[in-house]
Amino acid sequence: MYELEHRLVAAAALGRALKTDEVVHHVNMVTSDNRPENLVICPRWYNTWLLKRYAEAYAKEHFDSK
């Protein structure tokens, strides 16, 4: 069975397999950076909320008129 690297790294750091409702969020938004300190295990709804907030902050910084 195929498992994504960031999920394997997170599970090893946690000391157990991830539950099906747990997702791994990359803190610095670099999905190739799978260092344990860059990974946060969270529910899918929280990951979605975080990504929305990042997108809003990026848009405000780069597209809002000054």
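None of these values were measured; they are calculated from a predicted model.

### A look at the overall build of the protein chain
Along its length, the protein chain carries two helices and two strands. Secondary structure of the protein chain in N-to-C order comes out as α-β-β-α. A compact globule built from 66 residues should have a C-alpha radius of gyration of about 11 Å, whereas the protein chain, at 14 Å, is more than 25% larger. Projected onto its principal axes, the C-alpha coordinates of the protein chain cover approximately 50 × 20 × 20 Å. The buried share among the 66 residues of the protein chain stands at 26%.

### What about the pattern of salt bridges?
Enumeration according to the criterion identifies six salt bridges in this entry. The salt bridge involving Glu3 is made with Arg7; its shortest N-O contact spans 3.4 Å. Taking the shortest distance from any N to any O, the salt bridge between Arg53 and Glu56 comes out at 3.7 Å. Here the residue Arg53 and the residue Glu56 both occupy positions in helix H2 (residues 44-63), the gap between them amounting to three residues, near one helical turn. The exposure class of Arg53 is partly exposed, given its relative accessible area of 33%. Bridged by salt links that share partners, the residues Asp33, Arg35 and Glu37 form one connected network.

### Considering helix H1 (residues 5-14)
Here H1 has its buried residues at His6, Arg7, Ala10 and Ala11. One side of H1 carries all its buried residues, which in axial view fall inside an arc of 130°. Of the residues in H1, the exposed ones pointing more than 90 degrees away from the buried face are Glu5, Ala12 and Ala13. Contacts made by the buried residues of H1 are with strand S1 (22-26) and strand S2 (39-43). The first or second residue beyond H1 is Gly15, which carries a positive phi of 85°.

### Details of the nonpolar core
Counting residues in hydrophobic clusters, the biggest one holds five residues: Ala10, Ala11, Leu18, Val24 and Leu39. Excluding residues that lie within four positions of it along the chain, Val24 makes contacts with His6, Arg7, Ala10, Leu18, Leu39 and Val40.

### A short note on the side chain of Asn34
Examined against the element boundaries, Asn34 turns out to sit in the loop between S1 and S2. Side-chain polar atoms of Asn34 contact the side chain of His26, separated by 2.9 Å. Residues in contact with Asn34, not counting those within four places in the same chain, are Glu5, His6, Val9, His26 and Leu39.

What counts as what
Residues numbered from 1 in each chain as written. Predicted model: local features only at pLDDT ≥ 70, side-chain atom pairs only at ≥ 80, totals over all residues. Heavy atoms only, no water. Helix = DSSP H or I, 4+ residues; strand = E, 2+ residues; numbered from the N terminus. Rg over C-alpha atoms; globule rule 2.2 N^0.38 Å. Buried < 20%, exposed > 50% of the residue type's maximum accessible area, 1.4 Å probe, protein only. Salt bridge = Lys/Arg side-chain N within 4 Å of Asp/Glu carboxyl O. Arc of directions from axis to C-beta. Contact = heavy atoms within 4.5 Å. Core = buried A, V, L, I, M, F, W, Y, C linked by side-chain atoms within 4.5 Å. Polar contact = N/O pair within 3.5 Å; in protein donor to acceptor, adjacent residues only side chain to side chain.

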